[in-house]
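Structure assessment
Read off the chains here:
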Amino acid sequence: MADNNLFSLRIITPDRVFYEGEVSMVEFNTTEGEIGVYKKHVPTTVIVSPGILTITEAGETKEAALHAGFAEILQDEVVILAEVIEWPNEIDLERAEAAKARAEERLRSKTPETDILRAETALQRALARIHAIH
């Protein structure tokens, strides 16, 4: 018997179709805060912010580090167009920790040349990668 609470989730990057399947919920960060989507969600389009994307399938959850993009939410389908998204096994932990340290140093130094928004975004991306692994 089919589960009537499932909806279609597609996550597409410039390189590949990252994920395609039927899910009961998806959670991710937007510029307005964290969002959780179930079937029959109010249709909307949102801008994705760096963080953890959680996919809830039948009895199982999966996490990935989602960095940026857009999401179209319809009542029975969600499509995420992601700039970058990575499964935990695709992430280099040493590289993520080095990126975190660089971003934190840029934020601490706050020289006139420091692009604060760029440093904060780099830090968010590094933290998402680290969290996805742990």
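The structure under discussion appears in the preceding block.
Residues numbered from 1 in each chain as written. Predicted model: local features only at pLDDT ≥ 70, side-chain atom pairs only at ≥ 80, totals over all residues. Heavy atoms only, no water.

Thoughts on the pattern of salt bridges
Taken as a whole and judged by the stated rule, the model has six salt bridges. Linking Arg129 and Glu86 is a salt bridge whose minimum nitrogen-to-oxygen distance equals 2.7 Å. Of this pair, Arg129 sits in helix 2 (residues 116-133) while Glu86 sits in strand 8 (residues 77-86); the two residues are 43 residues apart in sequence, bridging distant segments of the chain. In this structure Glu86 comes out as buried when scored by relative accessible area, which is 13%. The partner of Arg108 in a salt bridge is Glu105, and the shortest N-O contact between them spans 3.2 Å. Remark: Glu105 and Arg108 occur in helix 1 (residues 93-109); sequence separation between them is three residues, near one turn of the helix. (Salt bridge = Lys/Arg side-chain N within 4 Å of Asp/Glu carboxyl O. Helix = DSSP H or I, 4+ residues; strand = E, 2+ residues; numbered from the N terminus. Buried < 20%, exposed > 50% of the residue type's maximum accessible area, 1.4 Å probe, protein only.)

As far as function goes, none of this settles anything; it's purely spatial.
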